[in-house]
Amino acid sequence: MAAGFGAKRGVLSGNTSLCRGLLGEIGPGVRRAASGATAESQKVCMELVRSRDYDGYVSSLLLPEEARRSSLALRAFNVELAQVKDSVSQKTIGLMRMQFWKTAVEEVFRDEPPSQPVSTELWRAVRKHHLTKRWLLRIITEREKDLDDRAYRNLQELETYSENTQSSLVYLLLECLGESHLSSLVYLLLECLGESHLSSLVYLLLECLGESHLSSLVYLLLECLGESHQSSLVYLLLECLGESHLSSLVYLLLECLGLRNVHADHAASHIGKAQGIVTCLRATPYHSSRRKVYLPMDVCMLHGASQEDFIRGSREQKVRDVVYDIASQAHVHLQHARSFSSNVPTAANVAFLQTVVLEDYLQRVRRADFDVFHPSLKNRNPLVPFQLYLRSWKKTY
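As the structure is a computational prediction, the values presented were derived from the model and not from experiment. For every chain, the first residue of its written sequence is number 1, and the numbers climb from 1 along that sequence. Selection of residues for local features in this predicted model requires a pLDDT of at least 70, selection of side-chain atom pairs for listing and counting requires 80 or more, and totals for whole chains, interfaces and linings are taken over all residues. Remark: hydrogens and water are excluded; side-chain values derive from all non-hydrogen atoms of the structure.

### Digging into the overall build of the protein
- Working definition: helices are DSSP H or I runs of at least four residues, strands are E runs of at least two. Numbering for both runs from the N terminus. Along the backbone of the protein there are 23 helices and 0 strands.
- Per-residue burial over the protein gives 52% buried out of 397 residues.
- Only heavy atoms matter for contacts: two residues are in contact if any of them lie within 4.5 Å across the pair. Contacts in the protein between residues far apart in sequence, at least 24 positions, make up 76% of those at least 6 positions apart.
- Surface exposure of the protein reaches about 18800 Å², of which carbon and sulfur atoms provide 53%. Burial classification: accessible surface area is computed with a 1.4 Å probe over protein chains only, and a residue below 20% of its type maximum counts as buried, one above 50% as exposed, and the rest as partly exposed. To be clear on the numbers: accessible area is Shrake-Rupley with a 1.4 Å probe, and residue cover counts the displayed protein chains and nothing else.

So this is what it looks like as structure tokens:
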């Protein structure tokens, strides 16, 4: 606790000088917005994250000081979006709140943030780290889709949701740590060229990255464009592999951005998926108490478990089998993420500390024989903060 308190003080210290520095470095056109980035907005974000995302709060305290406040702002933004679904009685109201945040993000990037604590802190994070707007909007869009209040049709749908929400958040944390990633460049190029110029983009990237990075390129383009473009992408790649196009400009951009590999991106993607799956499992008792079930329907049908079984809090074997299958998929993503650890830049490891929390829950649910309603799973593990600190000290994830 003493270490946690010390870290917390580090977050809160120097606010006056920080704001003064911000006002001195940026132009007069945005001084009005900067005046709102006060200690009060920082405190609101900190308390929001601590009360609604404690694991994320502790992880943020272990980040370098220059990224800590921005991490709390991003997590507060994520919490605000996550709690919309449970706080509204009608989908229309939820859509209105999501529209507020879409507008807020647009205004943040115009240096005109709304007079709202989370928006103010988000503006500061964007100014400081040049965060990618696409990731923020992608989180909102996916949360907006989730307002339909229905179970996931299959495990892949849950993974897609997790990728678009949790993984996007990890990408933003990487940007706060100064770890630029290749997918951001792909998005930038797509925005500049337009998707109609996809073939030219493929030529450029193949020339710069080399054909040995073909699998990474396919992964990135599928992520940026969506899997609906898969057939066109494969056709273009086959066409491009037979030719050579000079691309000195993009090559220089890659060097300037320090983009030597995409392993951190791959790790972030898998961690985000694992976190989304684990979050769905952890929230099952709460959702069941409200007569709602969001677990993938295909897995439930495979084992003959009905939604009523979960609503009743059944601890039968068929319910445990459903939990086992879903937890196993989260474990697979966690292992995949760690398989990149030797190639991930050391500075990026601290952004992946959430793996400690995920591993802890998966181990505890395994000891409970995959009984998601077991009383032991309701209590937070008091050793997790120390495990997080130890992992950050070792610079591993």
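### So, the packing of aromatic side chains
- Between the rings of Phe, Tyr and Trp (Trp by its six-membered ring), a pair exists once the centres lie within 6.5 Å; its type follows the angle of the planes, with under 30 degrees stacked, over 60 edge-to-face, and the other angles tilted. The final tally for this structure, using the stated rule, is 7 aromatic pairs.
- Look at W135 and Y171: their rings are 4.6 Å apart centre to centre, the planes differ by 45 degrees, and that puts the pair in the tilted class. Here the residue W135 occupies a position in helix α10 (residues 133-145), and Y171 occupies one in helix α11 (residues 155-176), the gap between them amounting to 36 residues. This pair shows no difference in class: W135 is buried, exactly as Y171 is.
- The rings of F77, F100 and W101 are connected pair by pair, giving a single aromatic cluster.
- When the ring centre of Y294 is taken as origin, the NZ or CZ atom of K85, which lies over that ring, is 3.9 Å away. By the criterion adopted, a ring carries a charge over it if an Arg CZ or a Lys NZ lies within 6 Å of its centre and within 35 degrees of its normal.

### Concerning empty space enclosed by the protein
- In this analysis, the protein atoms alone were mapped onto a 1 Å grid. Cavities are point sets where a 1.4 Å probe fits without being able to get out; pockets are open sets with protein on both sides within 12 Å along at least five of seven lines; lining residues have an atom within 4 Å of a point. Grid points are joined across faces, edges and corners, and a volume is the space filled by probe spheres set on the points. Counted under the stated rule, the structure contains 4 cavities of 30 Å³ or more.
- Taken as a whole, the largest cavity spans an internal volume of roughly 60 Å³.
- Looking at the largest cavity, the residues that line it are D55, R282, V357, D360, R364, R380, N381 and V384.
- No other element matches helix α22 (residues 354-367), which puts 3 residues into the lining of the largest cavity.
- Here the nonpolar group is Ala, Val, Leu, Ile, Met, Phe, Trp, Tyr, Cys and Pro; Asp, Glu, Lys and Arg are the charged ones; every other residue, Gly included, is treated as polar. Looking at the lining of the largest cavity, its residues break down into 2 nonpolar, 1 polar and 5 charged.
- Of the volumes computed, that of the second largest cavity is approximately 40 Å³.
- S59, L63, S71, R75, L173, V350, A351, L353 and Q354 together form the lining of the second largest cavity.

### Some points on α22
- Counted at 1.5 Å a residue, the expected span for α22 with its 14 residues is 20 Å, and the 20 Å between its end C-alpha atoms agrees.
- Buried residues dominate α22, accounting for 10 of its 14 residues.
- Of all the positions in α22, only Q354, T355, V356, V357, L358, D360, Y361, L362, R364 and V365 are classed as buried.
- Taken together, the buried residues of α22 touch α5 (54-61), α6 (65-82), α17 (263-282), α21 (317-339) and α23 (384-394). Each helix should span, by expectation, one fewer than its residue count multiplied by 1.5 Å.

### Quick look at the layout of surface pockets
- Taken as a whole, the largest pocket holds about 1400 Å³ of empty space.
- The wall of the largest pocket is formed by 47 residues, among which R52, T279, C280, R282 and A283 lie closest to the centre.

### Comments concerning the side chain of E142
- Among the structural elements, E142 can be located in helix α10.
- Not counting chain neighbours up to four residues away, the residues in contact with E142 comprise Y161, N164 and T165.

### Side note on the confidence of the model for the protein
- The predictor attaches a confidence to each residue, called pLDDT, with possible values from 0 through 100. With 70% of its residues at a pLDDT of 70 or more, the protein shows a mean pLDDT of 79.
- Within the model, pLDDT remains below 50 along residues 1-36, and this stretch shows 44 contacts once partners closer than five positions in the same chain are excluded.
- When the criterion is pLDDT under 50, residues 234-261 qualifies, and its contacts beyond four places in sequence or with other chains add up to 39 contacts.

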